[in-house]
Amino acid sequence: MKGKPSLPGANRSATDAGSNASVHLSPLNDFHVARGAKMVEFAGWSMPVYYRGIVDEHVHTRTAISVFDVSHMGRLRVEGDDAASLMQELCTRDLADTQVGQSKYTHVCNEQGGIIDDVIVGRHADHWLMVCNASNRAAIVDWLNTHTTGRDVELIDESLDTAMLAIQGPAAVAFVERTFAVAVTPLKRYWFVDGEFMGFKYSIARSGYTGEDGVEATIPARAVDLLLPMLFGSECEADGECRPGGLGARDSLRLEAGMPLYGHE
């Protein structure tokens, strides 16, 4: 075993007024505030619930392109010679035949069979990545750590060092291919591609939680200020084809599509 890291301490955070509670700030926080987003505390993060209105953003996602900040989701990197066996043991789905570039939806359960969280697990060339719900990140980290003793496994919580964007809508794939110069159309749902853009590594998965086609892109947090003007500068505007969307519309979209959310349904 290479170590049992705790949740990272170096991160952007702010203190709630009138309390000592600290909330994490997304790498896109300045982007949200500059565009007048209604910010709320959600699972320990300050996140945009809407910009123009939930109905407007819901309809726009169904007809064009919306970009949702989902950086609050947990992103846990698992590497080492025993990473595959650890994922196979702790997840309810058979991951043995998972190919590089493929993700699978599964659950992580406790010893009594109760669900700790539903997660997406992806196999990269040199590691595995588990994406979990923001409210369960600490619980999942603790659970993984309790099963690493005696294994060649390193767990790295990348949640605060990366940003995650859900680019969703009927025109989303063409937009992403144009912006990143990457082929998304050949990807099947829940498959992803790793690449490099302006010297920064990224991962683009053909997945999402809106019922629309699109992708979820993960980029380094330090690259956000450089990449945002290129990704959203002239197109992701209030009256453009590609607009920012908040968590309110993301919630109504997944309800309309019949997609349950852990802890709610």
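One numbering rule holds for all chains: residues counted from 1, following each sequence as written. Residue-level local features of this predicted model are given only where pLDDT is at least 70; pairs of side-chain atoms are given and counted only at 80 or more, and the full residue set underlies all totals for whole chains, interfaces and linings. Only heavy atoms go into the side-chain values, all of them from the structure, while hydrogens and water stay out.

Describe in detail the sheet that holds strand β14 (residues 214-220), supporting the description with residues and values.
Two strands pair if DSSP finds at least two bridges between them. Numbered from the N terminus, helices here are DSSP runs of H or I no shorter than four residues, and strands are runs of E no shorter than two. Taking strand neighbours across the sheet as the criterion, the 6 strands line up as β12-β13-β14-β11-β5-β15 in an open arrangement whose pairing is mixed. Of all strands in the sheet, those bounded by a partner on one side alone are β12 (192-197) and β15 (242-245). Averaged over all pairs of adjacent strands, the angle between their axes in this sheet comes to 25°, without regard to strand direction. Relative to strand β13 (residues 200-205), β12 runs antiparallel, the two sharing 6 bridges. Along β13, the bridge assignment pairs Val193 with Ile204. We call two residues in contact whenever any of their non-hydrogen atoms come within 4.5 Å of each other. Note on geometry: axes are C-alpha line fits, over the in-contact stretch for helices, and angles between N-to-C directions span 0 to 180 degrees. On top of the sheet, helix α5 (residues 172-180) reaches β5 (65-69), β11 (162-168), β12, β13, β14 and β15; it is set at about 135° to β11, its chief contact.

I'd like a rundown of unusual backbone geometry, residues and numbers included.
With a phi angle near 50°, Ala43 is a residue other than glycine that sits in the positive phi range. Position of Ala43 among the secondary structure elements: in the loop between β3 (38-42) and β4 (45-50). For Met198, which is not glycine, the phi dihedral falls at a positive 55°. Along the chain, the position of Met198 falls in the loop between β12 and β13.

Break down the environment of Leu28 for me, citing the residues and quoting the values.
Mapped onto the fold, Leu28 is located in the loop between β2 (22-25) and α1 (29-34). Judged by relative accessible area, which is 3%, Leu28 ranks as buried. Between the alpha carbons of Leu28 and Val224 there is a distance of 7.1 Å; along the sequence they are 196 residues apart. Each residue touching Leu28, except ones within four places of it in the same chain, is listed here: Asp69, Ser71, Ala163, Leu165, Val224 and Leu228. Only protein chains enter the calculation, and the probe is 1.4 Å; a residue is then buried if its accessible area is under 20% of its type maximum, exposed if over 50%, and partly exposed in between.

Report on helix α7 (residues 247-256), specifying residues and quantitative values.
Looking only at α7, the buried set comprises Leu247, Gly248, Ala249, Arg250, Leu253 and Arg254. Tucked into the core, α7 has its buried residues touching β3, β4, α2 (54-63) and β5. Positioned one or two residues after α7, Gly258 has a phi angle of 75°, which is positive.

Go over the pairing of β11 with me, naming the residues and quoting the values.
Where burial is concerned, most of β11 is hidden: 7 out of the 7 residues are buried. Neither face of β11 is exposed, since Thr162, Met164, Ala166 and Gln168 on one face and Ala163, Leu165 and Ile167 on the opposite face are all buried. With 4 bridges joining them, β5 and β11 adopt antiparallel strand pairing. Looking across to β11, one finds that Asp69 is bridged to Leu165. Of the strand pairs in this sheet, β11 and β14 are connected by 7 bridges, and their pairing is antiparallel. Across the sheet, Ala166 pairs through a bridge with Glu216, a residue of β14.

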